[in-house]
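# Working through the structure, step by step
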Amino acid sequence: MYLGLDIGTSGVKAVLVNAAGAVVATAARELALSHPAPLWSEQDPDAWVEGAIGAVDDLARQHPREVARVAGIGLSGQMHGATLLGEDGRPLRPAILWNDGRSQAECAALERRCPSLHMIAGNLAMPGFTAPKLLWVARHEPKIFARVAKVLLPKAYVRYRLTGEMVEDMSDAAGTLWLDVGERRWSALLLHATGLDLHHMPRLVEGSGVSAMLAPEYARRWGMAKDVVVAGGAGDNAASAIGLGAIAPGDAFLSLGTSGVIFRVTDRFAPAPASAVHAFCHALPGLWHQMGVMLSAAASLAWLAGVMETPAAALLAPLGERVDGPSPIKFLPYLDGERTPHNDAAASGALVGLRGATGRGQIVQAVLEGVAFAARDNLAALGSASGPITELDLVGGGSRSPLWAQICADVLGIPVHRVEEGEVGAALGAARLGRLAATGEDPADVCTRPRRLASFTPRPSVTAAYDEAYRQWRALYPALKETI
């Protein structure tokens with residue numbers, strides 16, 4: 001048996017996977033976010049640990065025999081979160097998360113300090129990344145910065161608490177702006193640009209490699225053996241790719257989680273910063289990937305559900321499983337700023353075209369379409385960087401909706417496939433990495449593709465209508481940016 005833990009933004013997921021690769025059981029714990037100031041997004045690092053332990057406690061209570069047979073554990077997690085530890089290994093402040101936009105000025109400063117940043121790190125400096133957050137802390141909280149002994153990402157902090165070892169994998173490390181992504185090692189030059197050194201960083205391993213052993217106290221707590229291997233693991237999107245079997249160059253998927261991502265595997269380091277495309281290490285040796293990133297995907301629907309005080313499923317139900325054309329309303333899903341293609345932490349969301357006769361269904365449809373239009377922006381950015389993508393698997397919480405899947409197919413103009421276990425993709429991928437670390441098997445034998453549950457193909461007449469709606473939608477961001 002193998003255990004995967006996904007440290008997400010809204011919750012922690014745990015999955016048990018058997019030797020046949022099937023998910024045997026799942027458990028989850030919710031997490032809270034804090035927004036103490038405009039553009040800020042923070043979380044208590046110890047809440048991740050409590051959530052992970054609690055989720056495994058649930059599995060051990062409900063499936064004790066299966067948990068007792070766990071031989072390998074893998075971790076995946078939200079990327080970029082700055083978890084600052086003092087000499088005693090305790091957090092010095094709440095973690096600053098991936099969707100925090102406070103460090104725009106520090107991004108500009110970092111690019112001035114290190115003109116070679118783009119080609120070493122493979123990315124533009126964006127507020128979501130880890131390095132600018134440390135510059136912000138150095139400027140605004142100098143006493144805390146002076147006490148920083150180690151900087152860990154969210155899943156690395158959970159690993160530290162479960163094993164006593166401070167280790168990070170290549171895929172997550174690539175999202176810090178401190179990694180030489182092509183060489184897969186920390187860059188002393190980039191660290192120096194943020195006032196840090198190599199001793200501030202955890203040890204690096206590949207995602208499928210052994211990072212540590214589970215601490216005896218947790219092995220006893222969960223009835224496991226003493227020699228349970230903990231894999232390097234992966235950032236959430238690379239882990240989802242492992243769960244989807246996306247391990248060959250050209251493999252691609254669309255994730256509709258809290259944030260949204262279009263992900264493509266590459267066999268080389270292929271930075272494309274001019275398009276605000278991310279270039280990161282994959283979770284397996286010798287592979288990299290490109291990503292276009294939307295900061296508010298399923299988060300946009302969750303926002304609307306909260307405003308309307310109605311569960312998301314109830315909002316979607318009246319629309320059925322397909323619509324015959326675009327909503328007259330346009331929605332910009334920039335509730336937390338945007339990365340690809342705008343790199344604008346100050347971008348804001350908008351509903352445009354409201355009239356007295358506008359109904360709730362038109363607004364709900366507009367939110368789904370706005371996210372799909374943002375995905376089309378990402379598809380175009382990736383296409384200009386490395387050629388066209390011709391089909392996408394669909395994962396994340398948004399993959400539950402046939403309506404949203406069909407809208408994505410019609411807007412993007414390519415087939416979209418809903419896949420088995422698409423909602424636990426990152427946790428499943430983490431479990432697979434745990435297996436690889438424990439057994440040394442060939443990744444091709446373990447990272448198989450999931451069964452496709454349904455395929456959604458673009459309908460030519462609807463796609464043509466969406467082409468015009470997309471053109472109108474694209475004009476909104478520059479127009480509103482001039483006035484807001």
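Scroll up to find the structure.
Now for a look at the structure at hand. (Residues numbered from 1 in each chain as written. Predicted model: local features only at pLDDT ≥ 70, side-chain atom pairs only at ≥ 80, totals over all residues. Heavy atoms only, no water.)

### Digging into the overall build of the protein chain
Short version of the rule: Helix and strand assignments follow DSSP, with helices taken as H or I runs no shorter than four residues and strands as E runs no shorter than two, numbered in order from the N terminus. Using a 1.4 Å probe on the protein chains alone, a residue whose accessible area is under 20% of its type maximum counts as buried, one over 50% counts as exposed, and one in between counts as partly exposed. Any pair of residues with heavy atoms lying within 4.5 Å of one another is described as a contacting pair. In this count, Lys and Arg are taken as positive residues and Asp and Glu as negative ones, while His and the chain termini are left out. Taken as the charge location is NZ of Lys, CZ of Arg, CG of Asp or CD of Glu.
Across its full length, the protein chain holds 18 helices and 24 strands. With respect to the principal axes defined by its C-alpha atoms, the protein chain has extents near 65 × 50 × 40 Å. Taken across its 484 residues, the protein chain has 62% of its residues classed as buried. Nonlocal contacts in the protein chain, meaning residues at least 24 apart in sequence, comprise 73% of its contacts between residues at least 6 apart. For the protein chain, the centre of its 43 positive side-chain charges and the centre of its 48 negative side-chain charges are spaced 1 Å apart.

### Things to note about the nonpolar core
For clarity, the threshold we go by: Nonpolar cores are built from buried Ala, Val, Leu, Ile, Met, Phe, Trp, Tyr and Cys residues. Side-chain atoms within 4.5 Å join them into one set.
Of all hydrophobic cores here, the largest spans 112 residues; its most connected members are Leu3, Leu84, Trp178, Leu214, Trp222 and Met224. If one sorts the elements of this core by residue count, helix α1 (residues 45–62) sits on top with eight residues. In this structure, Leu304, Leu319, Ala350 and Ala375 belong to the second largest nonpolar core, which totals 55 residues.

### Some remarks on the pattern of salt bridges
A side chain with one charge may pair with a side chain of the opposite charge, provided their charged atoms come close. What counts is decided by this rule: Criterion for a salt bridge: a side-chain nitrogen of Lys or Arg within 4 Å of a carboxyl oxygen of Asp or Glu.
Overall, the coordinates contain 26 salt bridges when judged by the stated rule. Across the pair lysine 155 and aspartate 172 runs a salt bridge, and its minimum N-O distance is 3.0 Å. Within this pair, whereas lysine 155 is found in helix α7 (residues 154–163), its partner aspartate 172 is found in helix α8 (residues 170–173), the two being separated by 17 residues in sequence. On the basis of relative accessible area, lysine 155 is assigned to the buried category, the value being 0%. In this structure aspartate 172 comes out as buried when scored by relative accessible area, which is 0%.

### Describing the packing of aromatic side chains
Note the cut-off: Here a pair means two rings of Phe, Tyr or Trp (six-membered ring of Trp) with centres within 6.5 Å. Their orientation is stacked below 30 degrees between planes, edge-to-face above 60, and tilted elsewhere.
What the rule picks out here adds up to 13 aromatic pairs. Ring geometry for tryptophan 48 versus tyrosine 157: centroids 6.5 Å apart, planes at 75 degrees, classification edge-to-face. Residue tryptophan 48 is located in helix α1, and its partner tyrosine 157 is located in helix α7; the two are separated by 109 residues in the primary sequence. Pair check on accessibility: tryptophan 48 and tyrosine 157 agree, each one buried. With a centroid separation of 6.1 Å and an interplanar angle of 75 degrees, the aromatic rings of phenylalanine 373 and tyrosine 466 are classed as edge-to-face. Here phenylalanine 373, found in helix α14 (residues 360–386), pairs with tyrosine 466, found in helix α18 (residues 460–481); they are 93 residues apart in sequence, far enough to count as distant.

### So, unusual backbone geometry
Apart from glycine, the bulk of residues carry a negative phi angle, and the bulk of peptide bonds sit in the trans form. The omega angle of the peptide bond from threonine 340 to proline 341 is 5 degrees, so this bond is cis rather than trans. Take proline 341: it is sitting in the loop between β20 (330–332) and β21 (350–352). One non-glycine residue, asparagine 343, lies in the positive phi region at around 45 degrees. Its location among the elements puts asparagine 343 in the loop between β20 and β21.

### With respect to the sheet that holds strand β22 (residues 392–395)
Rule in force here: Only when DSSP finds a minimum of two bridges between them are two strands counted as paired. In this analysis, axes come from line fits to C-alpha atoms, helices being fitted only over the stretch in contact, and the angle between any two N-to-C directions falls in the range 0 to 180 degrees.
Taken in spatial order, the seven strands line up as β18-β19-β17-β16-β22-β23-β24 in an open sheet, and their pairing is mixed. At either end of the open sheet lies a strand with only one pairing partner, and these are β18 (278–281) and β24 (452–456). Direction aside, the axes of adjacent strands within the sheet are offset by 30 degrees on average. Sheet analysis places strand β23 (residues 416–419) next to β24, joined by four bridges and oriented antiparallel. For valine 419, the partnering residue across the bridge sits in β24 and is arginine 452.

### Side note on the environment of alanine 212
Of note, alanine 212 is situated in strand β13 (residues 210–213). Residues within four places of alanine 212 in sequence aside, it is in contact with Thr163, Glu165, Val228, Val229 and Val230.

### A short note on the pairing of strand β19 (residues 288–294)
For β19, the tally of buried residues reaches seven of seven residues, placing the bulk of the element in the interior. Side chains of β19 alternate between two faces, with Trp288, Gln290, Gly292 and Met294 and His289, Met291 and Val293 buried alike. Examined bridge by bridge, strand β17 (residues 260–266) and β19 share seven bridges and lie antiparallel to one another. From the neighbouring strand, valine 261 faces β19, where its bridge partner is valine 293. With antiparallel pairing between neighbouring strands as the criterion, β18 and β19 make up a hairpin whose turn holds six residues, including glycine 286 at a positive phi of roughly 80 degrees.

### Structural notes on the packing of helix α3 (residues 104–113) against helix α5 (residues 130–140)
The angle between the axes and the distance between the axes are what describe a pair of packed helices. Quick note on the threshold: Here the word oblique covers every angle except those under 35 degrees (roughly parallel), over 145 (roughly antiparallel) and from 65 to 115 (roughly perpendicular). Think of it as three bins: nonpolar holds Ala, Val, Leu, Ile, Met, Phe, Trp, Tyr, Cys and Pro, charged holds Asp, Glu, Lys and Arg, and polar takes everything else, Gly as well.
For the pair α3 and α5, interaxial distance at closest approach is 9 Å and the crossing angle is 105 degrees. With respect to each other, α3 and α5 are oriented roughly perpendicular. Where α3 approaches α5, its residues Ala105, Glu106, Cys107, Leu110 and Arg113 are matched on the opposing element by Ala131, Pro132, Leu135, Trp136, Arg139 and His140. Residue composition of the contact of α3 with α5, by class: seven nonpolar, one polar and three charged.

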